[in-house]
Amino acid sequence: MEFAQLPAGASVLDVGCGRGAALFPAADAVGASGEVVGIDISEEMIRYATDGVRERELGNVTLSVMNGQSPDFPAGRFDAVIGSCSLFIWTKGEDDVRPYAKLLKPGGRFATAAPSFFGTLQGKWSLFPDAVNDLLLPYLLRSVKANGAYDSQFANAGANWLGTPQLIEKTLTGAGFVDVDITEEDLPVVCTSGEQWVEFTYTTGMRGMWERMEEKERDEVIPEVARRLDGLKDDNGLITTPVPIVYIRAAAPGA
Ligand SMILES: C[S@@+](CC[C@H](N)C(=O)[O-])C[C@H]1O[C@@H](n2cnc3c(N)ncnc32)[C@H](O)[C@@H]1O
């Protein structure tokens, strides 16, 4: 949200809003004179987000179940379109990002964040701690082959528009954006045990990788992942694994 620099009073679309991790800070940033429209393909996510809106008593948020690949709004409807760790799931290139440029008013802001793919060409998946990357990568690639949804950007790493800062800039410029700004920053994921890290991954799309393993494989791999990560505990018993996140912002051309 900080990087998106949403001004007070802005009208914002949050694509793939989930339970509202970005949506709620966006609602705070734009204030009562602004509005945030959250869409997500999952009814359950929208249900959770609706509960969050009610708890926070937000009057400037509307939510609906909608496929972010074909957002059904008039051209030029929003001052900003954001997508926190969501757009990367389904955008493969210029054509997939262009709809968001069209939804923006002249000079409007586009901002998105994603797990960084800059390491994928070197065989590193940013969501895996270095200590277990070699162990888990083969299973991730196998699950990508079997399913190809959440991890599909990884499956075709060479053609992934998020693979390098240069490709991101080229893609967004090709989709009609200007003033592209990209920065990568580590998000520290902290856990108290290797086992807790595994539990955490079950709450994310990485669950797909675990679920597509044979039970016997899981029984071997999970204790080894836990053992390696437990070896990283600091003096306070905490394991800190940095997850590189890429933050991207751009603008629609001015009037
Ligand atoms: C990793 S979560 C991120 C959620 C939230 N933006 C956040 O920062 O916590 C990705 C979200 O994208 C949603 N999603 C996946 N495919 C989608 C699509 N085609 N259209 C809209 N939402 C989608 C998922 O349901 C999920 O809520």
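Residues numbered from 1 in each chain as written. Predicted model: local features only at pLDDT ≥ 70, side-chain atom pairs only at ≥ 80, totals over all residues.

1. A short note on the overall build of the protein chain
What counts here: Secondary structure elements are defined from DSSP: runs of H or I of at least 4 residues count as helices, runs of E of at least 2 residues count as strands, and each element is numbered from the N terminus. The size measure is the radius of gyration over C-alpha atoms, and the globule rule it meets is 2.2 Å times the number of residues to the 0.38 power. Partly exposed residues are those whose C-beta has more than 12 but fewer than 20 other C-beta atoms within 10 Å; 20 or more makes a residue buried and 12 or fewer makes it exposed, with C-beta atoms placed from the backbone. We call two residues in contact if the C-beta atoms placed from their backbones are at most 7 Å apart.
If you tally the helices and strands in the protein chain, you get ten helices and seven strands. Over its C-alpha trace the protein chain gives a radius of gyration of 19 Å, about what one expects of a compact globule, namely 18 Å for 255 residues. With the principal axes as the frame, the protein chain shows a C-alpha extent of 55 × 40 × 35 Å. When burial is assessed residue by residue, the protein chain has 38% of its 255 residues classed as buried. Within the protein chain, contacts between residues at least 6 apart in sequence are counted, and of these 73% link residues at least 24 apart.

2. Re the sheet that holds strand 2 (residues 35–40)
Let me state the cut-off plainly: By the convention used here, strands pair only if DSSP detects at least 2 bridges between them. Note on definitions: angles span 0 to 180 degrees between N-to-C directions of axes, and those axes are lines fitted to C-alpha atoms, for helices only across the stretch in contact.
Here seven strands make up an open sheet; going across it, the order is 3-2-1-4-5-7-6 and the pairing mixed. Bordering the open sheet on either side are strand 3 (61–65) and strand 6 (178–191), each of which pairs with just one other strand. Within the sheet, the average angular offset between the axes of one strand and its neighbour, ignoring direction, is 15 degrees. Two elements, strand 4 (residues 78–84) and strand 5 (residues 104–115), share six bridges in a ladder whose sense is parallel. Counted as the bridge partner of S84 is A113 from strand 5. Set on the sheet, helix 1 (residues 23–30) makes contact with strand 1 (11–15), strand 2, strand 3 and strand 4; between it and strand 2 the angle comes to about 165 degrees.

3. Here we look at the pairing of strand 2
The line we're drawing: Handedness of a crossover is defined as follows: with both strands directed away from the viewer, a clockwise route from the first strand across the helix to the second makes it right-handed.
Judged by how many residues are buried, strand 2 sits mostly within the fold: six of six residues are covered. With burial as the criterion, each face of strand 2 is covered, one bearing E35, V37 and I39 and the other bearing V36, G38 and D40. Across five bridges, strand 1 lies against strand 2 in parallel orientation. Its bridge partner lying in strand 2, D14 is registered against G38. For the segment spanning strand 1, helix 1 and strand 2, crossover handedness is right-handed. Relative to strand 3, strand 2 runs parallel, the two being bridged by five bridges. Residue pairing in the sheet places V36 in a bridge with V61 of strand 3. Tracing the backbone out of strand 2, into helix 2 (residues 43–56) and back to the parallel element strand 3 gives a crossover that is right-handed.

4. A short note on the nonpolar core
Short version of the rule: Core membership is restricted to buried Ala, Val, Leu, Ile, Met, Phe, Trp, Tyr and Cys residues, and these are joined into a nonpolar core through C-beta atoms within 7 Å.
Membership of the largest hydrophobic core comes to 49 residues, with the highest contact counts inside it found for V12, L23, A26, A80, V81 and F110. Excluding residues that lie within four positions of it along the chain, V12 makes contacts with L6, A26, V30, G34, V36, F78, D79, A80 and I82.

5. A few points about the domain arrangement of the protein chain
Quick note on the threshold: Domain limits in this description derive from either an automatic procedure or a database domain assignment.
As far as domains go, the protein chain holds domain 1 (11–118 + 153–186 + 244–251) and domain 2 (123–152 + 188–241). Using C-alpha coordinates to define each centre, domain 1 is positioned 26 Å away from domain 2.

6. Things to note about the site of the ligand
Applicable threshold: Throughout this description, a residue near a molecule or strand is one whose C-beta atom, derived from the backbone, lies within 6 Å of it. For this classification, Asp, Glu, Lys and Arg are treated as charged, while Ala, Val, Leu, Ile, Met, Phe, Trp, Tyr, Cys and Pro are nonpolar and the rest, including Gly, are polar.
In the vicinity of the ligand lie 17 residues, with G16, G18, A21, G68 and S84 positioned nearest. Of the residues that constitute the shell around the ligand, the class distribution is eight nonpolar, eight polar and one charged.

7. Notes on helix 1
Going by this rule: Directions from the helix axis toward the C-beta atoms define the arc.
Taken together, the buried positions of helix 1 are L23, F24, A26, A27 and V30. Buried residues of helix 1 fall within an arc of 160 degrees about the axis and therefore sit on the same side. Buried positions along helix 1 lie against strand 1, strand 2, helix 2, strand 3 and strand 4. At the C-terminal side of helix 1, G31 shows a positive phi close to 70 degrees.

8. Some points on unusual backbone geometry
Phi is positive for Q5, which is not a glycine, with a value near 50 degrees. Mapped onto the secondary structure, Q5 falls in the segment before strand 1. Non-glycine residue E57 carries a positive phi angle of around 55 degrees. Mapped onto the elements, E57 comes out in the loop between helix 2 and strand 3.

9. Description of the environment of L137
As for its position among the elements, L137 is in helix 5 (residues 130–146). Residue classification places L137 among the partly exposed positions, given that 16 C-beta atoms sit within 10 Å. Along the backbone, L137 and R227 are 90 residues apart, and their C-alpha atoms lie at a distance of 17 Å. Once you skip the residues sitting within four places of it in the chain, L137 turns out to touch G123, W125 and F128.

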